[in-house]
Amino acid sequence: QVQLVESGGGLVQDGGSLRLSCAASGIIFSIEAMGWYRQAPGKQRELVADITRGGSTRYADSVKGRFTISRDNAKNTVYLQMNSPKPEDTADYYCTAAIRQTRFSPPRNYWGQGTQVTVSS
C-alpha cells in the first residue's frame, strides 16, 4: 500500500558529493517525519538525519556540517545531500517516513529497501 523507493547511491570519492532521494508512493494522507538511517557492515543501524513536516532537522554529530536533509512535501520526497563524504560514511542508507494513510489513522513507520553508498579514499 505504501512504498518508499531510494535512489542516488553508488561510489563516490572522498571529498566528493552525492545526493540520495527517497520517494513515497501509495495510499498516503500525510507524511509526518522523514529521515535517513545507515548501517555499515557489522554495525547497528544509526540515525543520520531526520526532518519534520515543518522542516525542523536533526543530524548525527558525525555528519553535521557535511550532510543536509531536505524534503519536498508536494512530491512526498526526502533528500540527503552528502558533501565531503568520508570512507567511514560507507554504508547502506535507508529512508524512513511516518505516514498516515487516512485522516484518522495514526502515523506508521515505513522503510525503503536501502541504497548502498561507498566512499573511496
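Just so it is clear, the model here is predicted, and its values are computed rather than measured.

Asks: Please explain the packing of aromatic side chains as it appears in this structure.
Replies: Aromatic ring pairs are reported here in terms of the distance separating the ring centres and the angle at which the planes meet. Considering all chains together, one arrives at one aromatic pair under this definition. Sitting over the ring of tyrosine 94, arginine 45 keeps its end group 3.8 Å from the ring centre. The ring of tryptophan 111 is capped by arginine 45, whose NZ or CZ atom sits 4.8 Å from the centre of that ring.

Asks: What exactly am I supposed to notice about the sheet that holds strand β7 (residues 67–72) here?
Replies: Think of a sheet as strands paired side by side through backbone hydrogen bonds, with each pair either parallel or antiparallel. Taking strand neighbours across the sheet as the criterion, the four strands line up as β1-β3-β8-β7 in an open arrangement whose pairing is antiparallel. On the outer flanks of this sheet lie β1 (2–7) and β7, each paired with one strand and no other. This sheet shows a mean twist of 15° between the axes of neighbouring strands, independent of strand direction.

Asks: Sorry if this is basic, but what is going on with the nonpolar core here?
Replies: Taken as a class, soluble globular proteins show a tendency for nonpolar side chains to be buried jointly. With 28 residues, the main nonpolar core has Trp36, Leu80 and Tyr93 as its most contacted residues. Looking at this core, the elements with two or more residues in it are β1, β3 (17–26), β4 (30–39), β5 (46–51), β7, β8 (77–83), β9 (91–100) and β11 (115–120). Look past the residues within four positions of leucine 80 in its chain and what remains in contact with it is Leu18, Arg19, Leu20, Trp36, Val48, Ala49, Phe67, Thr68, Ile69 and Tyr93.

Asks: What should I look at first to understand the pairing of β9 in this one?
Replies: Residues in a regular strand point their side chains to alternate faces of the sheet. With respect to burial, β9 is a largely interior element, eight of its 10 residues being buried. Taken together, the eight bridges between β4 and β9 define a ladder with antiparallel strand orientation. Looking across to β9, one finds that arginine 38 is bridged to tyrosine 93. In terms of strand pairing, β9 meets β11 through three bridges, oriented antiparallel. The residue bridging tyrosine 93 from the neighbouring strand is threonine 115, located in β11. Inspection of the sheet shows β9 paired to strand β10 (residues 108–111) by four bridges, in the antiparallel sense. Residue pairing across strands places isoleucine 99 opposite arginine 108, the latter belonging to β10.

Asks: Please clarify how the environment of aspartate 61 should be interpreted in this entry.
Replies: Here aspartate 61 shows up in the loop between β6 (57–59) and β7. For aspartate 61, a relative accessible area of 63% corresponds to the exposed category. Remark: the alpha-carbon pair of aspartate 61 and alanine 91, spanning 30 residues in sequence, is separated by 16 Å. Here the side chain of aspartate 61 touches lysine 64 through a polar contact of 3.1 Å, side chain to side chain.

Asks: Would you take a moment to explain the environment of valine 119 for this structure?
Replies: With respect to the helices and strands, valine 119 occurs in strand β11. When the C-alpha atoms of valine 119 and glycine 10 are compared, they prove to be 8.5 Å apart, with 109 residues separating the residues in sequence. Not counting residues within four places of it along the chain, the set of residues in contact with valine 119 comprises Val12, Gln13, Asp14, Pro85, Lys86, Pro87, Asp89 and Thr90.

Asks: Before we go on, may I ask you to explain the pairing of β5 in this structure?
Replies: Direction of pairing for β4 relative to β5: antiparallel, over a ladder of five bridges. The partner of tyrosine 37 across the bridge, within β5, is leucine 47. Counting the residues in the hairpin turn of β4 and β5 gives six residues, including glycine 42, whose phi is positive at 80°. Where β5 meets β6, three bridges bridge the pair, whose relative direction is antiparallel. Each residue of the ladder has a partner; that of aspartate 50, found in β6, is arginine 58.

Analysis parameters
- Residues numbered from 1 in each chain as written.
- Predicted model: local features only at pLDDT ≥ 70, side-chain atom pairs only at ≥ 80, totals over all residues.
- Heavy atoms only, no water.
- Phe/Tyr/Trp six-rings, centres within 6.5 Å; stacked < 30°, edge-to-face > 60°.
- Lys NZ or Arg CZ within 6 Å of the ring centre and 35° of its normal.
- Pairing = 2+ DSSP bridges.
- Helix = DSSP H or I, 4+ residues; strand = E, 2+ residues; numbered from the N terminus.
- Axes fitted to C-alpha atoms, helices over the stretch in contact; angles between N-to-C directions.
- Core = buried A, V, L, I, M, F, W, Y, C linked by side-chain atoms within 4.5 Å.
- Buried < 20%, exposed > 50% of the residue type's maximum accessible area, 1.4 Å probe, protein only.
- Contact = heavy atoms within 4.5 Å.
- Polar contact = N/O pair within 3.5 Å; in protein donor to acceptor, adjacent residues only side chain to side chain.

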